[in-house]
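# A look at the structure
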Amino acid sequence: MTQEVAELIKKVGTGGYKDGSSITPGFLYHPIPFKEYHQTPVHKLNCLEEYRTLIENYDFKDKTVVDIGSSGGWFSFNISKVAKEVHAYEADNSVRAVTEQIRKDKGIDNLTFHADFTKDTQINADCCIMLNVHMWLVKQYGLNEVYAILPDSSC
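Quick look at the structure, then. If you're wondering where the values come from, they're calculated on a predicted model, not measured in any experiment.

Within the structure shown, the criterion is met by six salt bridges. The closest approach of N and O atoms between Asp62 and Lys61, which form a salt bridge, is 3.5 Å. Overall, Asp62 belongs to the exposed group, its relative accessible area being 51%.

Have a look at this one:
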């Protein structure tokens with residue numbers, strides 16, 4: 001792990017409460033799927049099983065994928081290995097800074113991390129995943145707005 005990423009991880013959870021964000025300093029929600037980050041403290045490990053379920057039921061090869069609520073990038077980084085492109089949305093600026101720096105360090109060009117989307121965000125993708133984030137979207141925007149934002153998808 002680079003010193004720059006280690007310093008960015010220390011900032012996670014220090015900015016006060018925001019829906020869906022870590023409130024424990026230095027903790028990420030999901031692990032980062034690279035060996036040098038396996039010691040980073042995380043809140044949730046069952047993303048391993050969730051990812052297995054995703055890849056058993058959907059072929060991401062050569063697809064454009066949107067990951068809403070990407071957190072530490074577990075799904076985005078893994079899916080970017082086979083997808084044409086991945087657009088990951090994360091509202092927590094400190095978490096997004098971590099994942100963006102890792103993306104740059106790893107030279108992953110088909111993955112883009114974006115700030116949280118709004119009702120005006122246009123999402124054009126073959127597949128949209130939003131694991132563990134749907135309740136925050138409905139809370140923030142309302143169910144009808146969420147349906148209007150999200151594309152129809154088979155994933």
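There is more to say, and it comes next.
Let us look at the pairing of strand E2 (residues 85-89). Among the five residues that make up E2, four are buried, leaving the element largely enclosed by the rest of the structure. In the sheet, strand E1 (residues 64-68) pairs with E2 via five bridges, with the strands oriented parallel. Directly across from Thr64, in E2, lies its bridge partner Glu85. The parallel pair E1 and E2, bridged by helix H3 (residues 74-79), forms a crossover whose chirality is right-handed. As defined by bridge partners, E2 adjoins strand E3 (residues 111-114) across four bridges and the pair is classed as parallel. Bridging across to E3, His87 finds its partner in Thr112. The handedness of the E2 to E3 crossover, carried by helix H4 (residues 93-106), is right-handed.

Here we come to the side chain of Gln101. With respect to the element layout, Gln101 can be found in helix H4. Look past the residues within four positions of Gln101 in its chain and what remains in contact with it is Glu4, Val5 and Leu8.

Analysis parameters
Residues numbered from 1 in each chain as written. Predicted model: local features only at pLDDT ≥ 70, side-chain atom pairs only at ≥ 80, totals over all residues. Heavy atoms only, no water. Salt bridge = Lys/Arg side-chain N within 4 Å of Asp/Glu carboxyl O. Buried < 20%, exposed > 50% of the residue type's maximum accessible area, 1.4 Å probe, protein only. Helix = DSSP H or I, 4+ residues; strand = E, 2+ residues; numbered from the N terminus. Pairing = 2+ DSSP bridges. Right-handed = clockwise from strand over helix to strand, strands pointing away. Contact = heavy atoms within 4.5 Å.

Nothing here speaks to function; it is geometry throughout.
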